[in-house]
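Below, each chain spelled out in residue letters.
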Amino acid sequence: MNPAYSVIFFTTATGAGYGAVVWLVVLALLGIVPLTPALGASVFIVSLALITAGLLSSTFHLGHPERAWRALSQWRSSWLSREGVAALATYIPIMVFAVGSLFFGAYNNIWIWFGLIAAGLCLVTVGCTGMIYASLRAIPRWSTPLVVPLYIAFALSTGAVLLIAIASVFSVTPGVLAWCAAVITLAAWMLKIVYWRQIDNAKPVATAESATGLGDIGKVRLLESPHSSENYVMREMGYTIARKHAARLRKIALILGGIATALALVVAGVLPAPYATIASIVALFGAATGILIERWLFFAEARHAASLYYGASEV
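Reference entry: report on the structure contained in this document.

Parameters at a glance
Residues numbered from 1 in each chain as written. Predicted model: local features only at pLDDT ≥ 70, side-chain atom pairs only at ≥ 80, totals over all residues. Heavy atoms only, no water. Helix = DSSP H or I, 4+ residues; strand = E, 2+ residues; numbered from the N terminus. Buried < 20%, exposed > 50% of the residue type's maximum accessible area, 1.4 Å probe, protein only. Polar contact = N/O pair within 3.5 Å; in protein donor to acceptor, adjacent residues only side chain to side chain. Contact = heavy atoms within 4.5 Å. 1 Å grid on protein atoms, 1.4 Å probe; cavity = no way out; pocket = protein on both sides within 12 Å on 5 of 7 lines; lining within 4 Å. Points joined across faces, edges and corners; volume = space filled by probe spheres on them. Patch = residues over 30% accessible without salt bridge, like charges linked within 9 Å, V, L, I, M, F, W, Y side chains within 5 Å. Areas by Shrake-Rupley, 256 points an atom, 1.4 Å probe, with all protein chains shown as cover. Salt bridge = Lys/Arg side-chain N within 4 Å of Asp/Glu carboxyl O. Axes fitted to C-alpha atoms, helices over the stretch in contact; angles between N-to-C directions. Parallel < 35°, antiparallel > 145°, perpendicular 65-115°, else oblique. Left-handed = near helix turned anticlockwise from the far one by under 90°. Nonpolar A, V, L, I, M, F, W, Y, C, P; charged D, E, K, R; others polar.

Next up on the list: the side chain of Ser168. You can see Ser168 is positioned in helix α5 (residues 147-169). Of the residues examined, Ser168 reaches a relative accessible area of 2% and is grouped as buried. Reaching out from Ser168, the side chain makes a polar contact with the backbone oxygen of Ala165 at a distance of 2.8 Å. Those residues in contact with Ser168 that sit more than four places away from it in its chain are Pro174, Ala276, Thr277 and Ser280.

Laid out in structure tokens, this is it:
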């Protein structure tokens, strides 16, 4: 599949934003992170900015972005529509929890419930994003049980790194929280390794022979392209990446997004300010770089069944 940069930014930015909100709600309600006005406002502003920018960027990949609102009406059958509805609904409890925690500083029953609802809707929205791809049976590498857990895991890991980086700027020593974020980050990337091994070892779901129904005759190969020039299917679904390049990019993503980020978080948990701040920001850059490469590969390595009619031998 053709890696659309607007969609890559959308999935990474919203994931980090939603993940940061989830951790902020949980840690604030548990009293682990003191939600000062400056820290709380910064986390809410950055998270909502990432979420909003990501949602807006997702419309750039549409043929008619001005009609994006119409997709909300198809929530009964479309995961894209469900994601849009969940994303809009999430703004309400987030804003209510932000107002209650920042201006009233109260965590009574009503504010606790709004915080928990906000965290739950954040996870639901990320899950809907993952289901957009996991529900596409025509793309076997996406239609696996690991896609949705991966989207949620990376949202929680990048959100934790983002929250720690912002908190460290306000002289909140990450301490044990940074180590927990390192464990979460490594766990997310271990799950990604399992996913990579799964798609590498998976048997073909369809071949050129099964797609054309000519398997009884013999091996099927493309004699001539069905079009004289590139069309939409070839442009969007015929993108391929060499296996050696994919393997190299996987290693880079794993090293930067997983190992380097975890090490920086461990260092941030040991050192005092301002060194902890520097280490946290390094971890944030590592996590962002790694997840961007990972998300690019997620699209680039996908093979659509339609490519069988354009020269691909199997998917």
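Having seen it, we continue.
This part is about empty space enclosed by the protein. Counted by the stated rule, this structure contains 3 cavities of 30 Å³ or more. Put simply, the largest cavity is a space of about 110 Å³. What lines the largest cavity is a set of 18 residues, and nearest its centre among them are Thr11, Thr14, Gly15, Val126 and Tyr151. Elements with a minimum of two residues in the lining of the largest cavity: α1 (5-29), α4 (109-134), α5 and α10 (275-300). Here the lining of the largest cavity takes 7 residues from α1, the largest share from any one element.

Moving on, we get to a nonpolar patch on the surface. A grouping of Val176, Trp179, Val266, Val267, Val270, Leu271, Tyr275, Ile278 and Val282 is seen on the molecular surface, where their side chains present a nonpolar patch of about 810 Å² in accessible area. Listed by contribution, the elements that provide at least two residues to the nonpolar patch are α6 (176-201), α9 (243-270) and α10. Inspection of the secondary structure assignment puts Ile278 in helix α10. Owing to a relative accessible area of 52%, Ile278 belongs among the exposed residues under this scheme.

This brings us to the packing of α6 against α10. α10 packs onto α6 with a crossing angle of 20° between their chain directions and a minimal axis gap of 13 Å. Relative to α10, the element α6 is oriented roughly parallel. The two elements α6 and α10 meet at a crossing, and its hand is left-handed. The residues of α10 that touch α6, namely those facing Trp189, Lys192, Tyr195 and Trp196, are Gly290, Ile291, Glu294, Leu297 and Phe298. Residue composition of the contact of α6 with α10, by class: 6 nonpolar, 1 polar and 2 charged.

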